[in-house]
Number of protein chains: 2
Amino acid sequence: MVEIRKPIQVAEAVERVMNNVHKLGTETLPLEDTYGRVLAAPIIAKHDVPPFDRSPYDGFAIRAEDSAGASGTDRKAFHVIGEIGAGHVADRPLERGESFRIMTGALIPEQADAVVMLEQTVENEGGFTLRKPFETGENISRQGEDMRQGETLIEAGTIIHPGTIALLATFGYAEVCVAKRPIAGVLSTGTELLRVTDELEPGKIRNSNGPMINAQLTRIGIDYKSYGMMEDDLSACTEIVKKALEETDLLITTGGVSVGDYDYLPKIYESLGAEVLFNKVAMRPGSVTTVAVLGNKLLFGLSGNPSACFTGFELFTRPAILSMMGCTAPYMPRIQAKLGDDFKKANPFTRFVRASWSMTNEGIIATPAGFNKSSAVSSIARGNCIIVLPSGTRGFEKGMSVDVLLLGTEQGAECWEL
Amino acid sequence: MVEIRKPIQVAEAVERVMNNVHKLGTETLPLEDTYGRVLAAPIIAKHDVPPFDRSPYDGFAIRAEDSAGASGTDRKAFHVIGEIGAGHVADRPLERGESFRIMTGALIPEQADAVVMLEQTVENEGGFTLRKPFETGENISRQGEDMRQGETLIEAGTIIHPGTIALLATFGYAEVCVAKRPIAGVLSTGTELLRVTDELEPGKIRNSNGPMINAQLTRIGIDYKSYGMMEDDLSACTEIVKKALEETDLLITTGGVSVGDYDYLPKIYESLGAEVLFNKVAMRPGSVTTVAVLGNKLLFGLSGNPSACFTGFELFTRPAILSMMGCTAPYMPRIQAKLGDDFKKANPFTRFVRASWSMTNEGIIATPAGFNKSSAVSSIARGNCIIVLPSGTRGFEKGMSVDVLLLGTEQGAECWEL
C-alpha cells in the first residue's frame with residue numbers, strides 16, 4: 001500500500017520551517033573576523049562623523065568675511081601663516097587677512113569658516129589673492145554631516161559586509177558582538193552512491209549532493225561536519241543520525257524521503273520521536289522534501305535528486321540557517337525578468353527552474369539552463385538563478401514576466417558596458 | 001603650482017587596468033576546497049549522465065508490449081519476480097508477463113522498456129494488474145539525457161559555485177585544476193589615521209579603509225597581507241611599498257593620490273619606475289583613483305575618502321583580481337532599475353551612487369543610501385548596490401530608469417513572497 005501524502009504550498013512549508021527555528025547565542029569577535037557574520041546588536045554612532053569640521057579639498061582656510069567684496073578688479077589678498085596637514089591641528093586661530101594652507105581631511109582652524117580651492121587662487125609673495133567672495137561654511141565638511149552621535153545606523157540582524165566593517169572601524173569597534181554560527185551535519189543516503197574517487201559501476205552513480213550541499217553551506221559561511229554516505233540500512237542510518245544530532249545544530253540528509261521501500265528517513269524521524277513538519281510540498285522539483293524537528297534541531301530531509309536537493313536547500317535550509325543567526329532578511333533576493341524560452345509544460349505544482357539571467361537591451365532575461373528534470377545536474381551547474389513558475393494548467397511563453405530568485409553573484413558580467 | 005590632470009573616462013580606465021593584468025598560474029586542489037575558485041580547465045563530461053537507463057520513480061519495470069491492449073475491462077496481469085533497489089542490478093532479464101519492483105534511480109533491467117508507477121497498479125497475488133497500455137520508453141530516464149560523454153559543460157574561467165561542484169563530483173573530479181589566487185597587499189596612508197582601537201584625537205579619524213578593503217578582498221575569496229598604516233612620510237612609505245611588492249601579487253593603497261603636498265603615492269610610483277596608467281578618472285567619487293604597473297604587478301592607488309575608496313576597489317581592483325585568475329566574467333552584474341529618489345545634482349563626471357535596491361510592485365527600485373559625498377561612510381554600510389548616473393548637465397528624477405551594479409547577495413529579502 002502506497003502512503004498518500006497531502007502536499008502543502010511552498011509558502012506554508014517555508015513558514016512551518018521558520019516557525020521552528022531556534023536562535024543560537026551570540027559571541028564577540030575581532031572586527032577582522034566578522035565578514036559575513038550577522039550583527040547581534042545595532043550599530044549606533046558613538047560620535048559625529050566627521051568628528052570635526054574639516055576641509056574636503058586641498059586649499060586655504062580663510063575667514064569668509066575677509067573675502068567680502070572681492071572681484072576681478074578688486075582682488076582680496078591673504079597672508080598664509082602656516083600649513084595644516086591632515087591629522088595636524090593649527091597652532092593658533094586665524095586673524096583678519098590671514099589664511100592657513102590646509103589639506104584634505106584636516107581640521108578647520110579656529111575663526112576660519114571657508115575653504116578656498118587652490119585653483120581659485122593666484123599666488124603672490126607670502127600668500128594669494130581671490131577674485132570672488134566666499135560664504136560662511138563654503139567648502140567645509142561639517143561635523144556630523146554624515147552621521148550624528150547616538151543615531152542608529154544599522155540594525156541587529158544585518159549580515160556584515162565590507163561597508164558595515166568600514167562603519168564598525170570608524171567607531172572603534174575592535175570587537176563586535178555577532179550571532180554564533182550553527183554547525184550543520186551533512187549525510188548522503190543511498191545504496192546507489194559511490195564516492196567521488198570511485199570508478200563507476202553498473203547501477204551506481206557518484207555522490208554529488210554531499211559535496212554540493214557542503215558548498216551551499218560554505219557559500220553562506222557555515223561550517224559542516226560530513227557524515228559521509230550511508231547505504232539504505234535502517235539501523236545504521238538511525239545511529240548515524242543520532243550521532244549527528246548530538247554533534248551539530250541541524251542535520252541535512254539527502255535521499256530516502258520518498259515513499260519507497262528503502263526510504264528510511266520517515267522511519268528514522270518516527271523512531272527518534274521527531275515531529276515531521278511536512279513531507280510533501282506542492283513544488284517541482286523536490287516535492288518529497290521533508291522537514292522534521294527534534295527538540296531545538298531541524299532535520300532537513302532533502303531529495304536525492306540533485307536539482308531537487310539543491311532547490312530544497314535554497315528554499316528551506318538556507319533561510320532557516322540565516323534565521324538561526326537572527327538574520328532579518330534570510331530569503332533569496334527576488335527580481336522580475338522576461339522568460340527567455342517557452343516553458344510549455346504546465347504543472348499543478350509551483351515549478352522552480354534552474355536558469356541563467358542576464359541584462360540585455362530588452363531588459364533582464366532569465367532563460368532555463370537546459371535539461372530541467374528533478375535529477376538534472378547540468379542545469380544546477382549552468383544556472384545562476386531560479387525562475388519561479390506558478391502552478392496552473394497553462395504553460396509559459398517566451399517574453400512573459402516571471403519571478404526570479406538570485407543565487408549569488410559569484411559570477412559577474414563579461415563586459416564593462418557603462 | 002597645482003598639477004593639472006586630464007581625466008579619462010571610466011571605461012577607458014577599466015580597459016587600461018585590464019590590459020595590464022598578468023595571469024597567475026594554476027594549481028590542483030581537492031574538490032572540497034574549490035568553492036569560489038576559478039576553473040583553469042573546462043569541465044568535460046567523462047561519461048553519459050545518467051550513466052545508464054534508470055527509473056525516475058518507485059514502481060515496476062515491465063516490457064511495454066506486455067501491456068498492449070490493457071483497459072479497465074481487460075486488465076493485464078504482471079508477475080513480480082524480484083526487486084531492484086537503487087544501486088542494485090537485476091539478476092536476470094524480464095520475460096513475458098514479468099516485472100521487477102524497481103526503486104527510483106535503479107538501473108532498468110534487461111528487456112524492460114517502461115516503468116509503471118505504483119499508483120497505476122492494483123495489487124494481486126504475486127503481482128499486479130494494469131488498466132492501460134504503456135509505450136516503449138515510458139517513465140524511463142534515458143542514459144545521457146542530462147549530459148553526453150565528451151560534451152563541454154562549463155568553460156575554463158568560470159567561478160566554481162555549488163552547482164559546479166555537483167558536476168565535478170558527478171564525473172569523479174576528486175582534484176580540480178584551478179587558477180592560483182593572488183595575495184594582495186593593503187596599505188593605508190595618512191597622518192590623520194588612528195587604529196580601530198585608538199581613542200579619537202582632534203583632527204584625526206580611525207582608519208576605516210584598511211578593514212573595508214580587507215573585507216572586499218575576503219568577499220571575493222582573496223587573502224591579503226596588511227601593511228598597516230603609514231604617516232605621510234615619503235621615504236618610509238617608499239620602503240614599505242617596495243617590501244609589499246616583493247611579498248604580494250598586487251598592492252592596494254588608500255590615500256595619498258591627490259595633488260596635495262603630502263600626497264606621496266605619485267612620487268613613490270616615480271621613484272620605483274612604475275608606469276602610471278591613469279591618475280584622474282571622470283567619475284565621482286574617486287576621480288583621483290590612480291593605477292600604476294611595475295613589472296607584472298598592479299598598484300592600485302585608491303582615494304582616502306571611504307566612498308571613493310570603496311568604489312575604486314569595486315570598479316578596478318575587483319575585476320583585475322578576478323581576471324588575474326582567468327575569470328571570464330569579472331565585472332559586477334548589472335541590472336536596470338527605477339531611481340527611487342531625485343538626484344538633482346548634475347555632474348560632468350559619471351556618478352557612482354551607493355544605493356539600496358529592492359523589488360517592489362512597481363519593479364526594481366534603487367534608492368540612494370543617504371549622504372553621498374566622497375567622504376561618506378554611512379552610505380557604503382547601508383547600500384547593497386551602486387547606481388550609475390551618466391555625466392551630463394542635468395539631474396535625475398525619481399522614476400527614471402538607471403543602471404545598477406550589484407554588490408553581492410549577502411543580504412537577502414525580508415519576506416517570502418511567492
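Heads up: these notes are all about the structure in this document. Just so it is clear, the model here is predicted, and its values are computed rather than measured. (Residues numbered from 1 in each chain as written. Chains lettered and ligands numbered in written order. Predicted model: local features only at pLDDT ≥ 70, side-chain atom pairs only at ≥ 80, totals over all residues. Heavy atoms only, no water.)

Residues and elements named next belong to chain A. Spatial ordering of the open sheet is given by 14-11-15-19-18-16, a layout of 6 strands whose pairing is mixed. On the outer flanks of this sheet lie strand 14 (223–230) and strand 16 (275–278), each paired with one strand and no other. Put simply, the sheet's adjacent strands are angled 20° from each other on average, direction ignored. Pairing analysis gives 5 bridges linking strand 18 (residues 290–294) to strand 19 (residues 297–302), with the strands arranged antiparallel. When the sheet's bridge partners are listed, Ala 292 is paired in strand 19 with Leu 299. Helix 1 (residues 10–19) contacts strand 16, strand 18 and strand 19 of the sheet and is inclined by roughly 145° relative to strand 16. Of the strands in this sheet, strand 11 (183–189), strand 14, strand 15 (250–254) and strand 19 touch helix 3 (residues 209–219), which is tilted by about 165° from strand 11. (Pairing = 2+ DSSP bridges. Helix = DSSP H or I, 4+ residues; strand = E, 2+ residues; numbered from the N terminus. Axes fitted to C-alpha atoms, helices over the stretch in contact; angles between N-to-C directions. Contact = heavy atoms within 4.5 Å.)

Here we take up the sheet that holds strand 19 (residues 297–302) of chain B. Residues and elements named next belong to chain B. The 6 strands lie next to each other as 14-11-15-19-18-16, forming an open sheet whose pairing is mixed. The open sheet is flanked by strand 14 (223–230) and strand 16 (275–278), the only strands paired with a single partner. Within this sheet the neighbouring strands show an average axis-to-axis angle of 20°, counted without direction. Taken together, the 3 bridges between strand 16 and strand 18 (residues 290–294) define a ladder with antiparallel strand orientation. Residue Glu 275 lies in a different strand from strand 18, and its bridge partner there is Val 293.

Attention now goes to the packing of helix 3 (residues 209–219) of chain B against helix 6 (residues 306–324) of chain B. The relative placement of two packed helices comes down to the angle between their axes together with the axis-to-axis distance. Residue and element names in this part refer to chain B. Two elements in contact, helix 3 and helix 6, have axes separated by 11 Å at closest approach and are oriented at 30°. It follows from the interaxial angle that helix 3 and helix 6 lie roughly parallel. As helix 3 runs across helix 6, the sense of the crossing is right-handed. For the pair helix 3 and helix 6, contact is made by Asn 209, Met 212, Ile 213, Gln 216, Leu 217 and Arg 219 and by Pro 306, Cys 309, Phe 310, Phe 313, Glu 314 and Ile 321, respectively. Considering only residue class, the contact of helix 3 with helix 6 consists of 8 nonpolar, 2 polar and 2 charged. (Parallel < 35°, antiparallel > 145°, perpendicular 65-115°, else oblique. Left-handed = near helix turned anticlockwise from the far one by under 90°. Nonpolar A, V, L, I, M, F, W, Y, C, P; charged D, E, K, R; others polar.)

For the rest of this paragraph, the subject is unusual backbone geometry. The omega angle of the peptide bond from Arg 284 of chain A to Pro 285 of chain A is -10°, so this bond is cis rather than trans. Take Pro 285 of chain A: it is sitting in the loop between strand 17 (283–284) and strand 18. Positive phi is not limited to glycine here, since Asn 139 of chain B has a value of about 55°. Considering the arrangement of structural elements, one finds Asn 139 of chain B in the loop between strand 8 (127–130) and strand 9 (152–154). A relative accessible area of 18% places Asn 139 of chain B in the buried class. (Buried < 20%, exposed > 50% of the residue type's maximum accessible area, 1.4 Å probe, protein only.)

This brings us to the interface of chain A and chain B. Contacts between the two partners involve 115 residues from chain A and, on the opposite side, 115 residues from chain B. Both faces combined, the contact of chain A with chain B buries some 9500 Å², and carbon together with sulfur accounts for 63% of it. Linking chain A with chain B are 4 salt bridges. A salt bridge links Glu 151 of chain A to Arg 382 of chain B; the nearest nitrogen and oxygen atoms lie 3.4 Å apart. Our count for the contact surface shared by chain A and chain B stands at 14 residue pairs in polar contact (both at pLDDT 80 or more). It is helix 2 (residues 162–170) of chain A that contributes the most residues to the side of chain A that touches chain B, 8 residues altogether. Of the residues that constitute the side of chain A that touches chain B, the class distribution is 61 nonpolar, 31 polar and 23 charged. (Buried area = accessible area lost by both parts, 1.4 Å probe. Salt bridge = Lys/Arg side-chain N within 4 Å of Asp/Glu carboxyl O. Polar contact = N/O pair within 3.5 Å; in protein donor to acceptor, adjacent residues only side chain to side chain.)

Both copies of the chain are placed relative to one another by a rotation about an axis and a shift along it. Note on the identical chains: chain A maps onto chain B by a rotation of 180° and an axial translation of 0.0 Å, with an RMSD of 0.0 Å. Seen this way, the second copy is the image of the first under a two-fold rotation axis. Of the residues that chain A buries at the interface, 100% are likewise interface residues in chain B, meaning the two copies contact each other through the same surface. (Least-squares fit on C-alpha atoms with pLDDT ≥ 70 in both.)

Relative to the assigned elements, Arg 37 of chain B resides in the loop between strand 1 (26–30) and strand 2 (43–44). Contact partners of Arg 37 of chain B, with chain neighbours within four places excluded, come to Glu 27, Leu 29, Thr 158, Ile 159, Ile 160, Val 178, Ala 179, Lys 180 and Arg 181 of chain B.

Another point: the pattern of salt bridges. Evaluated as defined, the whole model comprises 38 salt bridges over all chains. One salt bridge connects Arg 63 of chain A with Glu 65 of chain A, and the closest N-O pair in it is separated by 3.8 Å. Looking at Arg 63 of chain A, the relative accessible area reads 11%, which means it is buried. Since its relative accessible area comes to 54%, Glu 65 of chain A is described here as exposed. Note that Glu 314 of chain B is salt-bridged to Arg 219 of chain B, the shortest N-O span being 3.5 Å. Highlighted residues: Glu 314 of chain B in helix 6 and Arg 219 of chain B in helix 3, separated in sequence by 95 residues. For the pair shown, Glu 314 of chain B and Arg 219 of chain B are each scored as buried. In this structure, a network of salt bridges that share partners links the residues Arg 63, Glu 65 and Asp 66 of chain A.

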